[in-house]
Amino acid sequence: MQKLLFAATAVLATAAAAAAAAAQTARPSTSFTGDLGYVSASGNTQLSTLNIGEKIVRADGQWTLKQTAAYVQGQAKGVESANQFLVAGRADYAFAPRLGLFTGVSFERNPFAGFNRRTNEQLGVNWKAVQAPQDSLAIDAGGVLTQQAGVNDTTENFSAARVAADYEHTFSKAAYFQQLVEYLPALTTSGAYRLNTQSSLVAPISAHVGIRVSYAVQYNSDPPAKPNDSNNFGGGPPPPEYFGTTDRLLTMGVQVTF
């Protein structure tokens, strides 16, 4: 399965690049969205947080190419308490009005969740279940291959199924609510799964600038183990300790769209 998924991902990605270069008759469109938020407190409470994000979408005929990146960094009393980085790319090919194929790759870093590097390659089918004037719902179904390097100096490769939903309700041209849900049950570890959700609300200030509030939850039923303490005076290995199963992230800032 892994070899098949890798091969299919490579073929579809190559076809996406070739089609994007060859499609001269379609009218391409490109959009950019940038997010920036910063909070600083001093005195009795000493903390600072910074979140930066961007998304570029290129639509060219039947092909849609997306690139996203996000970074979150936080400190409490001068000690780092959060450091998350994500960059991802995805190619979609619509072979029917509501059906398409997609492939993508992403890179993540979050040592506070137990991993220094996590690379995901995904492949699947996308169904545009709802396409209404103010509401849209897209559903993904497919698989994911993951390579992960933990903070405990371990590396592991595993595969998972993937089901995801992307719902958006538009209040006006620049105001909308978006709900993302992603479920990844492991195929190699019985009972293990990851569940990610993100709720976002955007209120416009002007035609291109808005205020964005986002709340994300990341759940891992099988979190990685923390590094063992070598100073064990009990005569045996210390009992394993694990990172928490749930991370929650609330961000607020300015969004710019072109």
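Residue numbering note: each chain is counted from 1, following its sequence as written. Totals for whole chains, interfaces and linings use all residues, but because this is a predicted model, local features are given only for residues with pLDDT of at least 70 and pairs of side-chain atoms are given and counted only at 80 or more. Based on all heavy atoms of the structure, the side-chain values leave hydrogens and waters out of the count.

Quick word on the overall build of the protein
Applicable threshold: A run of DSSP states H or I qualifies as a helix once it reaches four residues; a run of E qualifies as a strand once it reaches two. Both are numbered from the N-terminal end. For every residue, the accessible area obtained with a 1.4 Å probe (protein chains only) is divided by the maximum for its type, and the residue is called buried under 20%, exposed over 50%, and partly exposed between those limits. Only heavy atoms matter for contacts: two residues are in contact if any of them lie within 4.5 Å across the pair.
Per the secondary structure count, the protein includes 1 helix and 12 strands. Counted from the first residue to the last, the protein has its helices and strands arranged as α-β-β-β-β-β-β-β-β-β-β-β-β. Buried residues in the protein amount to 31% of all 258 residues. For the protein, restricting intrachain contacts to residue pairs at least 6 apart in sequence, the fraction spanning at least 24 positions comes to 48%.

With respect to the packing of aromatic side chains
Convention followed: The criterion for an aromatic pair is that two Phe, Tyr or Trp rings (for Trp, the six-membered ring) have centres within 6.5 Å, with stacked assigned to planes under 30 degrees apart, edge-to-face to planes over 60 apart and tilted to the rest. For a lysine, the NZ atom is tested; for an arginine, the CZ atom; a charge sits over a ring if that atom is within 6 Å of the ring centre and within 35 degrees of the ring normal.
Applying the stated criterion across every chain yields a total of 4 aromatic pairs. Pairing tryptophan 63 with tyrosine 93 gives two aromatic rings, centres 4.7 Å apart and planes at 45 degrees, and the pair type is tilted. Here tryptophan 63 is found in strand 3 (residues 63–76), whereas its partner tyrosine 93 is found in strand 4 (residues 79–94), with 30 residues between them in sequence. On the basis of relative accessibility, which here comes to 10%, the residue tryptophan 63 falls in the buried class. Seen in terms of ring centroids, tyrosine 193 and tyrosine 219 are 5.6 Å apart; in terms of plane orientation they differ by 40 degrees. Their pairing is tilted. Residue tyrosine 193 is found in strand 10 (residues 193–204), and its partner tyrosine 219 is found in strand 11 (residues 209–220); the two are separated by 26 residues along the sequence. Through a chain of ring-to-ring contacts, the aromatic side chains of Tyr183, Tyr193 and Tyr219 assemble into a single cluster. Above the ring of phenylalanine 102, the side-chain terminus of arginine 90 is found at 4.0 Å from the ring centroid. Residue placement shows lysine 226 over the ring face of phenylalanine 243; its charged tip is 5.6 Å from the ring centre.

A closer look at a nonpolar patch on the surface
Heads up, the condition is: The patch calculation keeps residues exceeding 30% relative accessible area without a salt bridge and links them within 9 Å when they carry like charges or within 5 Å when they are nonpolar (Val, Leu, Ile, Met, Phe, Trp, Tyr). Only the protein chains shown count as cover for residues, and the accessible areas themselves come from Shrake-Rupley with a 1.4 Å probe. Salt-bridge detection follows one rule: a side-chain nitrogen of Lys or Arg within 4 Å of a carboxyl oxygen of Asp or Glu.
Residues Phe171, Leu201, Ile205, Ile211, Val213, Tyr215, Leu250, Met252 and Val254 make up a contiguous nonpolar surface patch of about 830 Å² in total accessible area. Within the residue set of the nonpolar patch, elements represented by two or more residues are strand 11 and strand 12 (246–257). Looking at the secondary structure, you find valine 254 in strand 12. For valine 254, a relative accessible area of 36% puts it in the partly exposed group.

Quick notes on the sheet that holds strand 1 (residues 29–41)
Put simply, the test is: Note on pairing: DSSP must find at least two bridges between two strands before they are called paired. Only the stretch in contact is used when fitting a helix axis, every axis being a line fitted to C-alpha atoms; angles between N-to-C directions are given from 0 to 180 degrees.
A barrel is described by the order of its strands in space; here 12 strands give the closed sequence 1-2-3-4-5-6-7-8-9-10-11-12, paired in antiparallel fashion. Averaged over all neighbouring strand pairs, the angle between strand axes comes to 20 degrees, with direction disregarded. Across 4 bridges, the pairing between strand 1 and strand 12 is antiparallel. Along strand 12, the bridge assignment pairs threonine 33 with threonine 257.

Considerations on unusual backbone geometry
The phi torsion at lysine 77 lies on the positive side, around 55 degrees, for a residue other than glycine. Relative to the assigned elements, lysine 77 resides in the loop between strand 3 and strand 4. Accessibility expressed as a relative area gives 62% for lysine 77, which makes it exposed. Located in the positive-phi region is aspartate 153, a residue other than glycine, with phi close to 65 degrees.

Observations regarding the pairing of strand 1
Bridge analysis of strand 1 against strand 2 (residues 47–60) gives 13 bridges, and the strand direction is antiparallel. Bridge pairing links glycine 34 to glutamate 54 in strand 2.

Bear in mind that shape data such as this cannot, by itself, settle questions of function.
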